[in-house]
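Fold and geometry: a report
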Amino acid sequence: MAAIYKREMHSYLTSAVGYVFLAVFFAISGYYFFSNSTDLSYVFSNLFSIAIFLVPLLTMKLFSEERKQRTEQLLFTAPVRFTGVVLGKFFASLTMYLLGMSVTLVYFLVMCAFRVPDVAVFAGNFLGLLLLGAALCAIGIFISALTESQVIAAVGSLAIGMFLLFANSFTPVVSNQLLNKVMDAISFYDHYLSFTRGLIHLSDLTFFISVTVLFLFLTVRHLERRRIS
């Protein structure tokens with residue numbers, strides 16, 4: 001896992017992808033902060049949608065590029081566990097995401113210079129954004145493993161992210177009560193909103209962790225089936 005992690009981090013830091021992600025993340029978050037510098041919750045609530053759009057940039061090439069260049073055959077023939085490979089790529093993408101998130105610490109320190117901010121609210125927001133990013137990274141890695149096209153991987157990850165964002169928006173037009181409950185249960189926004197208020201609920205923590213673990217597991221299983229076939 002460590003070797004895969006180092007390789008992917010080197011790839012991010014020596015290509016345009018990582019720097020484009022950081023530049024856009026910093027620019028947009030900075031815009032929201034200076035638009036309302038008295039409330040970090042405003043910044044974090046807007047970073048929700050930004051994360052959904054930007055995370056596919058980090059994950060689109062993780063497996064699709066290997067598949068396109070046929071270097072994945074080395075993974076299939078090497079005596080390594082796919083769990084370590086997937087986790088190495090996952091933690092590399094999450095590290096880049098955390099580097100983007102680190103700018104919110106700067107905003108917090110700026111606010112401290114003028115007034116005493118609510119540390120609990122900031123911690124809840126930060127944790128929520130981190131869990132959201134982890135779930136999106138896991139989804140993106142799974143989609144990347146399904147195709148050799150980076151564009152398809154990015155669009156597919158974005159489509160799933162958008163669906164999970166607006167899942168509960170479809171409930172007014174759906175008459176089936178069970179389906180309505182499912183839509184509400186899988187809505188990323190509903191689970192993320194509590195964090196922006198500084199509230200940390202076990203159900204929300206469990207939701208994001210479960211989504212992350214599920215898609216990482218699906219990625220491992222998909223790679224194992226491809227190696228056998």
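For clarity, every value in this text was computed on a predicted model and none was experimentally measured.

1. Description of the side chain of Ser-93
Relative to the elements of secondary structure, Ser-93 occurs in helix H6 (residues 82-101). According to the relative accessible area criterion, Ser-93 is buried, its value standing at 0%. Apart from residues no more than four positions distant in its own chain, Ser-93 is found in contact with Tyr-12, Leu-58, Thr-59, Leu-62, Cys-137 and Ile-141.

2. Digging into the packing of aromatic side chains
Here the distance between the centres and the angle between the planes together describe a pair of aromatic rings. Tallying each qualifying case throughout the model produces 17 aromatic pairs. When the ring of Phe-207 is compared with that of Phe-208, the centres are 5.2 Å apart and the planes differ by 75 degrees; the resulting orientation is edge-to-face. For Phe-207, a relative accessible area of 13% puts it in the buried group. Given a relative accessible area of 0%, Phe-208 falls into the buried group.

3. Comments concerning the packing of helix H3 (residues 40-59) against H6
Remark: H3 packs on H6, axes separated minimally by 10 Å, with the N-to-C direction vectors making an angle of 135 degrees. The angle between the axes of H3 and H6 places the two elements in the oblique class. Considering only the axes of H3 and H6, their crossing is right-handed. Two secondary-structure elements touch here, H3 through Ala-51, Val-55, Leu-58 and Thr-59 and H6 through Ser-93, Met-96 and Tyr-97. Counted by class, the contact of H3 with H6 contains five nonpolar, two polar and no charged residues.

4. Structural notes on a nonpolar patch on the surface
Taken together, the side chains of Val-106, Val-110 and Phe-114 present a nonpolar region at the surface, about 310 Å² in accessible area. Looking at the element boundaries, Phe-114 is found in the loop between helix H7 (103-112) and helix H8 (119-146).

5. Structural notes on the nonpolar core
Among the nonpolar cores identified, the biggest contains 65 residues, and Phe-25, Leu-40, Tyr-97, Leu-129, Leu-132, Phe-188 and Phe-208 are the most heavily contacted of them. Counting residues per element, this core draws most heavily on H8, at 15 residues. When near neighbours in sequence (up to four residues on either side) are disregarded, Tyr-97 contacts Phe-21, Phe-25, Ala-51, Val-55, Leu-58, Leu-129, Leu-130 and Gly-133.

6. Some remarks on helix H11 (residues 188-196)
Three or more residues of H11 are buried, namely Phe-188, His-191, Tyr-192, Ser-194, Phe-195 and Thr-196. Taken together, the buried residues of H11 touch H3, H8, helix H9 (150-166), helix H10 (177-186) and helix H12 (202-228). After H11 finishes, the residue Gly-198 shows a positive phi value of roughly 80 degrees.

7. Digging into the side chain of Ser-29
Within the secondary structure, Ser-29 sits in helix H2 (residues 16-35). A relative accessible area of 0% means that Ser-29 is categorised as buried. Polar contacts involving the side chain of Ser-29 include one to the main-chain carbonyl oxygen of Phe-25, which spans 2.8 Å. The contacts of Ser-29, once residues within four sequence positions are left out, are Val-43, Leu-47, Val-103 and Tyr-107.

Basis of the calculations
Residues numbered from 1 in each chain as written. Predicted model: local features only at pLDDT ≥ 70, side-chain atom pairs only at ≥ 80, totals over all residues. Heavy atoms only, no water. Helix = DSSP H or I, 4+ residues; strand = E, 2+ residues; numbered from the N terminus. Buried < 20%, exposed > 50% of the residue type's maximum accessible area, 1.4 Å probe, protein only. Contact = heavy atoms within 4.5 Å. Phe/Tyr/Trp six-rings, centres within 6.5 Å; stacked < 30°, edge-to-face > 60°. Axes fitted to C-alpha atoms, helices over the stretch in contact; angles between N-to-C directions. Parallel < 35°, antiparallel > 145°, perpendicular 65-115°, else oblique. Left-handed = near helix turned anticlockwise from the far one by under 90°. Nonpolar A, V, L, I, M, F, W, Y, C, P; charged D, E, K, R; others polar. Patch = residues over 30% accessible without salt bridge, like charges linked within 9 Å, V, L, I, M, F, W, Y side chains within 5 Å. Areas by Shrake-Rupley, 256 points an atom, 1.4 Å probe, with all protein chains shown as cover. Salt bridge = Lys/Arg side-chain N within 4 Å of Asp/Glu carboxyl O. Core = buried A, V, L, I, M, F, W, Y, C linked by side-chain atoms within 4.5 Å. Polar contact = N/O pair within 3.5 Å; in protein donor to acceptor, adjacent residues only side chain to side chain.

In short, geometric facts, not functional conclusions.
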